[in-house]
Amino acid sequence: MEGRSIRYGALASALGLLCAAGTLLAATPPSGTLSVANPTLTFTSGPHTGENVEADCEANPCDEYALTVDLPPDYATTNPSALITVELEYTVPGDLDLRLLDGTDTQVADSGEPPGLPEYMDIPAGSGTRPYTVVVIPFATAGTTATITVSLVEPPAPPAPAVPAGLAPRFQEHVAPPALGNDAAEPSIGVNRHTDRAMFISYTQALRMTFLENAAPPLGPMPTSCDALWEDKSGFLTTVNTLDPILFTDDVTGRTFNSQLSGANSLFEFTDDDGENWTVGQIGAPNGGADHQTVASGPYPVGFVPAGATWPANAPKRAVYYCSQSVAGAACSRSDDGGETFGPGFAFKNTGCSAGALHGHVKVAPDGTVYVPDSSQCLLPIPGTSAEKVVAFVSGDAGQTWAARPLPESRGGAASDPSIGIATDGTLYMCYENDDSRVRAAVSKDKGRTWLYDQDIGLSQNIVQTRFPQSVAGDPDRAGCAFLGTKTNGNGNSLDFKGVWHPYVATTYDGGQSWHLVNTAPNDPIQGHGGVGPDGTNRNLLDFNDLQIDEIGRMYFALADGCTGTCAQDPSANAFEAKATVFRQTGGRTLFKAFDNAAGTQYNSTAPLRPAAACAIQAESLYTIAQARVVWNAPDTGGSTITGYDVYRATAAAGPYTLIGSTTGATQYIDRTVDPEVLEYWYRIVAKNAHGEAPVGNSILLVQSESLPEVNTCELPGQVVAIDAVGDGTADDTDIVYVAAAEPLDYEGNIVVTVKLANFTAGVAPATSFYPVLFPTQDGKYIAMDTNAPGSPATPRFVHGTYVDVANGVLAFTEVGTLDPRSEFLADGTIRHVVPKTLFRNTTPGAIIAGFDARARVGAQSASSRDTAGPASYEVRGSDICKVLPPILLGSLEASPKFGGAPLTVTFTVSGTPPAGKTLQSYTLNFGDGTAPLADQPFNGAPSVQRQHTYTDKGTYRARLTVKDNTGAVSSNAAEQTIEVNIDFLFSNGFE
């Protein structure tokens, strides 16, 4: 079969007229009438003695079958989902195509599978009596015969999404340290099932993750809840300035492949020892594409192992596939020697598209079938719409020929790549972004011929938009889909978008009928305000994430975190970062049933367990002469809420350890019982839930230091001035955790006093609640959040005034005025008072404000306090020290056109968003093709400028922009555009 991968465009649209004008041969029998009383017809076609590669039924013979459909006038109303289906099964294999023409000889359906695969087409049944013609075309065959069945069918109603049973999976976040993984857009992760390490690609850094429960002394073994060790293990080519990185680890051999896109092709290397040593492979496939490369490996299909296959030695041979695209067409090359060399590329996607959508990651099934998912831009149009179907390209002959398998209920063309997970028996799980931005999943048990349970898997948590779905599967009935999601409607691509995005993992344990949905970071957005854009300023996350499993079926969700630091607290302060982050499964069912409820693990299926061991963090804990602060990572919960932690202390590593205190959920403890004469203390933590105590965690040594580290009062919440025990407030709504003070530049002239409660259980402060902070040394002043105010009992007011002690600790409050309107509360129990400095007597830097005596009350203002924190004091620092911190400056780059033939002249629009009070000064524009950049070009007072550039050579180029403001500050966001100049493929199978 030659040229099949290009037969889905203009060729198909013209076929009806060609066949209608030609000489058609009769099928056997030549005609039939389909009706309710006669819902099935069959006829035979062939034997065919010639070929009709051009599908020209005038010049070459085609078979025809005269079909009459005779249905009641109201049939479409009473049976709206009924279909007329046409199925072709070969008697003697070959390559026949089907076309269905209506009474005006207009094509209404077609089917054109590669040789030997069954053909299928359908149309809505409709109503009334109508003539059709079924045309059988011998595309490239001789002697072929087939039986064609025409049926009137009523597809069963799709089942309602099932409610997931059992326990959902649980995850822990691992973030790369500050010096690593700071440009981690388009991450991919590979898990070595022999060493239990993971390799993570972060642009030009290849990072290795070692999980400390597997580490040798002195690093481990440690509790699973400890943070992974990240190391830079970049190879020879990793540090090359690349357009796109990709990484993949073979699950049988542990070999990790690294590809770095360079111009119109790729650099390639691999490692067999987790990055200690790298071997350079072929520098790109002979006719590789210019963009969006993907790599995978797996077994060959039976009967297709080439004689020259050499990898791995002394074991069943495996193939390595490299797939990539060039604007429209896309092709896959194959290596038969483990990635050292690659053969020519075979096209799997039509080259007739002027702007092809991005394809997803190539995957190889256990039987050697190769799949590439695609969002199907202009590939398979849905009649009567501007949308296309999501498809799976499938090859059964080791990547030489390909068929397209559409998802009938999908609408493609979305910005995110779809993704396929393949189970141990070959069951497919397609996870994709629909054209309405909803996240959906579908299942196929017949290599994509039919798809089941296609459903919105974000519906249970009202996810209305998604980005970057990734799918992986284990046992036949188990699969996972990881994606970014938001619950906010609107244009999620826009810089004006005010929603936030979180990472989600959906998991099925019943073959795709139901899905558990877990937000793996509910309190930490992955992208703040400003959208997740397909290009331009907010394209910091680029095009995809990754999801893989290890030998026991644990999921590893790799992504780039675009919202860290201040943004995580205030998503409107989004700097569009890309920090390397991995969510690793710690508990609940994995994707391999064999490990369900395994003794000594947290992989429980239905019944909750006690927690896993907590990990005390030495680097974040501190011991001073006055107190010790012990910090730890929360462990896997066992599927039941952790009710508290017990803190043990000793004066020697071997103990004995004494229980000194507990928390009810906080992951830090202030030990105020230290003896200043004891210079060293050892601490360990024991978690507990309703099902028991966790195993004892690791022990850490704290050595007494002279002072606390410097704090940053330029960011909220600032300096913690008072810490209170957790769990002593009778309820979360009145349980004070800490009091803090800050003087951020955005609040200049004010002190922001934060009172953190354990939580607002209803998301808002209780009615008739009163949360004052007293300042007895400031003439008896107070500030408060008050829901007792007349006329607005349910609306908190932020007020200030004075108080007096009338008798025996009973306080009387007199309101004087309201605080700054930016005062607010958050659903997590955070109360922020924006307090004018004029309320205090002396607020010059260095002055001490004493007091900070926080109370939590429910009922009248005079009611007894449910909890208190303080008194404490704060040394004023002023906001001027914050002015040395550069505010966010964003550059913005647009390009038109973004693709076309060489030479291609592109108009770039350069602009930016300066901080308040600043102006744009200059810009530097790098065109990405090796020509000299436009450096420090002036804006001359204009908000934007346009520059043209001509790309003379074919390839894919990344144009990048930085801007400066009048203070000399430089933008740090990724303002870029990808320019694709057409590349012609030359295929070894003789077509273009």
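This structure is a prediction, so every number in the text was calculated from the model and none was measured.

Student: Just checking my understanding: could you explain the overall build of the chain for this structure?
Tutor: Along its length, the chain carries 3 helices and 67 strands. When burial is assessed residue by residue, the chain has 56% of its 992 residues classed as buried. A fraction of 65% describes how many contacts in the chain between residues 6 or more apart in sequence connect residues 24 or more apart. Surface accessibility of the chain: about 38100 Å² in total, with carbon and sulfur atoms responsible for 53%.

Student: I tried to follow the state of the cysteines on my own but got confused; where do I start?
Tutor: Between two cysteines, a covalent bond joining their sulfur atoms is known as a disulfide. With the rule as written, the count across this model stands at 4 disulfides. There is a disulfide in this structure between C323 and C332, and the S-S distance comes to 1.9 Å. Between C323 and C332, the disulfide has an S-S torsion of 105° and is therefore right-handed. Per residue, the accessibility class of C323 equals that of C332, and both read buried. The residue that forms a disulfide with C563 is C567, at a sulfur-sulfur distance of 2.0 Å. Between C563 and C567, the S-S torsion sits near -105°, and that sign places the bridge as left-handed. Taking relative accessible area as the criterion, C567 reaches 1% and is therefore assigned buried.

Student: Quick question: what am I supposed to make of the nonpolar core here?
Tutor: The nonpolar side chains of soluble globular proteins are, as a tendency, buried together. Grouped together as the largest cluster of nonpolar side chains are 40 residues, with contacts concentrated most on F200, M209, W230 and M555. Of all the elements, strand β36 (residues 555-561) adds the most residues to this core, at 6 residues.

Student: When you look at the pattern of salt bridges in this model, what are you seeing that I'm missing?
Tutor: Any two side chains of opposite charge can pair, on the condition that their charged atoms come close. Tallied over the entire structure, the rule returns 33 salt bridges. Residue R99 pairs with D110 through a salt bridge whose shortest N-O separation is 3.8 Å. Placement of R99 in strand β5 (residues 96-101) and of D110 in strand β6 (residues 107-111) is noted, with a sequence separation of 11 residues between them. The class of R99 is buried, set by a relative accessible area of 3%. Residue classification places D110 among the partly exposed residues on the basis of a relative accessible area of 31%. Its salt-bridge partner being E743, residue K837 comes within 2.7 Å of it at the nearest N-O pair. Of this pair, K837 sits in the loop between β55 (830-836) and β56 (848-851) while E743 sits in the loop between β48 (736-742) and β49 (750-757), and the two are 94 residues apart along the sequence. Considered together, K837 and E743 belong to a single accessibility category, that of buried residues. Through salt bridges that share partners, R539, D543, R958, R960 and E976 make up one connected network.

Student: Explain the confidence of the model for the chain to me, please; I cannot follow it from the model alone.
Tutor: For the chain, the average pLDDT comes to 86, and 88% of its residues sit at 70 or higher. Every residue in residues 983-992 is under pLDDT 50, and counting partners more than four places away or in other chains gives 28 contacts.

Student: Would you mind going over the sheet that holds strand β66 (residues 955-965) with me for this structure?
Tutor: Strands in a sheet are paired, the pairing made by backbone hydrogen bonds, and the direction either parallel or antiparallel. Read across the sheet, 5 strands follow the order β61-β67-β66-β63-β64 without closing on themselves; strand pairing throughout is mixed. Each edge of the open sheet is held by one strand with a lone partner, namely β61 (899-900) and β64 (934-938). With 3 bridges joining them, strand β63 (residues 920-926) and β64 adopt antiparallel strand pairing. The residue of β64 that forms the bridge with Y923 is Q937.

Student: Quick question: what am I supposed to make of the sheet that holds strand β24 (residues 370-374) here?
Tutor: In spatial order, the strands read β23-β24-β25-β26; together these 4 strands make up an open sheet with antiparallel pairing. The sheet terminates laterally at β23 (363-364) and β26 (403-406), the two strands that pair on one side only. Inspection of the sheet shows strand β25 (residues 391-395) paired to β26 by 4 bridges, in the antiparallel sense. Of the residues in β26, the one forming a bridge with A392 is R405.

Student: Looking at this model, I keep getting lost on unusual backbone geometry. Mind explaining?
Tutor: Both trends apply: most residues other than glycine have a negative phi, and most peptide bonds are in trans. Residues G655 and P656 are joined by a peptide bond in cis, for which omega reads 10°. Assignment of secondary structure puts P656 in the loop between β41 (642-650) and β42 (658-663). Going from A902 to P903, the amide bond is cis rather than trans, its omega being -5°. As for its position among the elements, P903 is in the loop between β61 and β62 (904-913).

Student: Explain empty space enclosed by the protein here, please?
Tutor: In this approach, a probe sized like a water molecule rolls over the atoms, and the result shows the empty space that is left. Per the stated rule, a full pass over the model turns up 3 cavities of 30 Å³ or more. Taken as a whole, the largest cavity encloses approximately 80 Å³ of empty space. Lining the largest cavity, in full, are S188, I246, L247, F248, T294, V295, H361, V362, K363, D546 and Q548. Broken down by secondary-structure element, the contributors of at least two residues to the lining of the largest cavity are β15 (245-249), β19 (291-299) and β35 (546-549). Sorting elements by how many residues they give to the lining of the largest cavity places β15 first, with 3 residues. Here the residues of the lining of the largest cavity are counted per class, giving 5 nonpolar, 4 polar and 2 charged.

Student: Can you walk me through a nonpolar patch on the surface in this structure?
Tutor: Together, V804, V806 and V810 make up an exposed nonpolar region whose accessible area comes to about 240 Å². Under the relative-accessibility criterion, V804 is labelled partly exposed at 49%.

Rules and cut-offs
- Residues numbered from 1 in each chain as written.
- Predicted model: local features only at pLDDT ≥ 70, side-chain atom pairs only at ≥ 80, totals over all residues.
- Heavy atoms only, no water.
- Helix = DSSP H or I, 4+ residues; strand = E, 2+ residues; numbered from the N terminus.
- Buried < 20%, exposed > 50% of the residue type's maximum accessible area, 1.4 Å probe, protein only.
- Contact = heavy atoms within 4.5 Å.
- Areas by Shrake-Rupley, 256 points an atom, 1.4 Å probe, with all protein chains shown as cover.
- Disulfide = S-S within 2.5 Å.
- Core = buried A, V, L, I, M, F, W, Y, C linked by side-chain atoms within 4.5 Å.
- Salt bridge = Lys/Arg side-chain N within 4 Å of Asp/Glu carboxyl O.
- pLDDT = per-residue confidence, 0-100.
- Pairing = 2+ DSSP bridges.
- 1 Å grid on protein atoms, 1.4 Å probe; cavity = no way out; pocket = protein on both sides within 12 Å on 5 of 7 lines; lining within 4 Å.
- Points joined across faces, edges and corners; volume = space filled by probe spheres on them.
- Nonpolar A, V, L, I, M, F, W, Y, C, P; charged D, E, K, R; others polar.
- Patch = residues over 30% accessible without salt bridge, like charges linked within 9 Å, V, L, I, M, F, W, Y side chains within 5 Å.

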